[in-house]
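Spelled out, the chains give:
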Amino acid sequence: MSLYADEIIRFSSVLKMSYNLIAGRDELKRKKLREKKHLISVALPFSDLLFGFPNLIPVFPIRMEVFKVSKYLSYLGSASSIFGWDNVSKILGYIKNAGIKEVSKVIDDIIDGVIETLNEKYNEMYDIGVERGISSDFCFALKTLVGMHVSKMKNVSGTLNYSIRCSAWNKYLESLKSIKSDVKQIWLDIPPRNIGNAMGLLEDNIRSALTDLEDISGNTYNDNQLREHFKVANQIRRDYKTIIYEIGASDFYPCNPATFSEILALLSISFQDYNSNPIRYAQNIHQMVNEMRERIKKGIGMDVSKYKKIMVTPMFGGWEPKTHEIIYQLGGRAIYADWDVLKFLDDIPISSKSDPVEAYAQFLSDVTESGIGCDNNVLTDSYIRVAKQLKADGLVFNSLFGCHSVSNCYAMLKDKIRRDLEIPSISLTFNRIGDNIEQVSTRLGAFMEMLR
Ligand code: SF4
């Protein structure tokens, strides 16, 4: 029996989000071809400005791919348009409960397939990136992003390029031009420090990016629409934090801990483009919180008080997805909270600043100064902040091969963890999904042993 499938089908919100992630291709195609909207490629959670336009659609490019299970998920999607997702989820749950073996196995294959197929696709993109000649020194994330653009850049009208502290990231963005030169590159430089006139400069850069986007859109961006979007974006962020901290740090989970980690991984990937429809995403994630709370209230789920809480980070640039399953088998529960470490889950301060450009400039400046763009000292403090808030029992640091920026601060972090938190930590190296599972297992085994 599949561990994930058996539980994931009980959450209609998770089903919906998986569907929008894996089977979103048809919807994107329809928006582009029938509704004449423009798809804009984004990576990292930098999609917000696009929602100020009526006809620009952000897309994390892997979503334009065909996945092995897309067809079956589409059947579920069709069923949902007749019965609604809640009923689809109930019917699937009924089939599983009734133990109808053959059908149950098909459901397992589909749901397990979501995770597996996504990982296979990541590796496929990695291989395309390498074939394209990207330097072998680049990290997994950049190789896969190059692969995604080689494969699907033909479908987009532009790419939204935020420069960050990582020079390899900025080089990758520059290389997009050579993949397809007629696709418009919209650049947004974020000053590394909020000193002098940096905020004014950042506001100018945002306005200039908006003007470039207006050229693609053919519409002027709408202040009100952007303001309304930021409110929705903030709701998403609050619900996301509730899942990490209220549910993730509690002693009773609404599901098995490995399934919970799987849901956190799904959120981490899908948050980057809010599945191209933030209002729908906000509804889904809010429903997810409600479904989780409801199950906990009814005592449905699992007492996880004896499972050690292990913060696994950073994973946004690529990690071994088997990690959380291995940790679970060894008596732990893996928690992924990268976007909060990097400050992307902070509110966009639209309630204190009525001009959305000013509010977004403030948000980007904060993310840069104390999150993704900050120096290792501040970044390591952020890891500690999140580990403390989670009351983590241990920390697994995922050191990405080729990353000289976000994941090269383990030496400094290790000292701070020992000094400030007095919990053990370990660093694992990661290059490509599936390459190193035995070693990961062995090292995690020794690590979890220390926690007993
Ligand atoms: S910070 Fe590291 S993981 Fe992120 S893009 Fe740069 S090299 Fe890759």
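The structure presented is a predicted model; accordingly, all values stated were derived computationally and were not measured.

### Section: the overall build of the protein
So, point 1. Counting its regular elements, the protein contains 18 helices and 10 strands.
So, point 2. Relative to a compact globule of 452 residues, whose C-alpha radius of gyration would be 22 Å, the protein shows 21 Å and is just as compact.
So, point 3. With the principal axes as the frame, the protein shows a C-alpha extent of 55 × 55 × 45 Å.
So, point 4. Per-residue burial over the protein gives 60% buried out of 452 residues.
So, point 5. Pairs at least 24 residues apart make up 78% of the contacts formed inside the protein by residues separated by at least 6 positions.
So, point 6. In the structure as shown, the protein presents an accessible area of about 18100 Å², 51% of it carried by carbon and sulfur atoms.

### Looking at the nonpolar core
So, point 1. Among the nonpolar cores identified, the biggest contains 145 residues, and Trp169, Ile206, Tyr360 and Leu364 are the most heavily contacted of them.
So, point 2. Here this core gets 10 residues from one element, more than from any other, and that element is helix α10 (residues 223-247).
So, point 3. Dropping the residues within four chain positions of it, Ile206 is found in contact with Leu49, Leu188, Val357, Tyr360, Ala361 and Leu364.

### Concerning the environment of Glu120
So, point 1. Among the structural elements, Glu120 can be located in helix α6 (residues 101-131).
So, point 2. A sequence separation of 52 residues divides Glu120 from Lys68, and the C-alpha atoms of the two residues are 9.4 Å apart.

### Remarks on the pattern of salt bridges
So, point 1. In total, this model carries 24 salt bridges according to the counting rule given.
So, point 2. Here Glu35 makes a salt bridge to Arg30, at a shortest N to O gap of 3.7 Å.
So, point 3. Given a relative accessible area of 37%, Glu35 falls into the partly exposed group.
So, point 4. By relative accessible area, which is 34% here, Arg30 ends up partly exposed.
So, point 5. Residues joined by salt bridges that share partners form a network here, namely Arg30, Lys31, Glu35 and Lys37.

### Structural notes on the sheet that holds strand β7 (residues 308-313)
So, point 1. Sheet architecture is open: four strands sit in the order β8-β7-β9-β10, paired in parallel fashion. Only two strands of the sheet have a single neighbouring strand rather than two, namely β8 (332-335) and β10 (425-430). Ignoring which end each strand starts from, the neighbouring axes of this sheet average 25° apart.
So, point 2. Pairing of β7 with strand β9 (residues 394-400), which is carried by four bridges, proceeds in the parallel orientation.

What counts and what doesn't
- Residues numbered from 1 in each chain as written.
- Predicted model: local features only at pLDDT ≥ 70, side-chain atom pairs only at ≥ 80, totals over all residues.
- Heavy atoms only, no water.
- Helix = DSSP H or I, 4+ residues; strand = E, 2+ residues; numbered from the N terminus.
- Rg over C-alpha atoms; globule rule 2.2 N^0.38 Å.
- Buried < 20%, exposed > 50% of the residue type's maximum accessible area, 1.4 Å probe, protein only.
- Contact = heavy atoms within 4.5 Å.
- Areas by Shrake-Rupley, 256 points an atom, 1.4 Å probe, with all protein chains shown as cover.
- Core = buried A, V, L, I, M, F, W, Y, C linked by side-chain atoms within 4.5 Å.
- Salt bridge = Lys/Arg side-chain N within 4 Å of Asp/Glu carboxyl O.
- Pairing = 2+ DSSP bridges.
- Axes fitted to C-alpha atoms, helices over the stretch in contact; angles between N-to-C directions.

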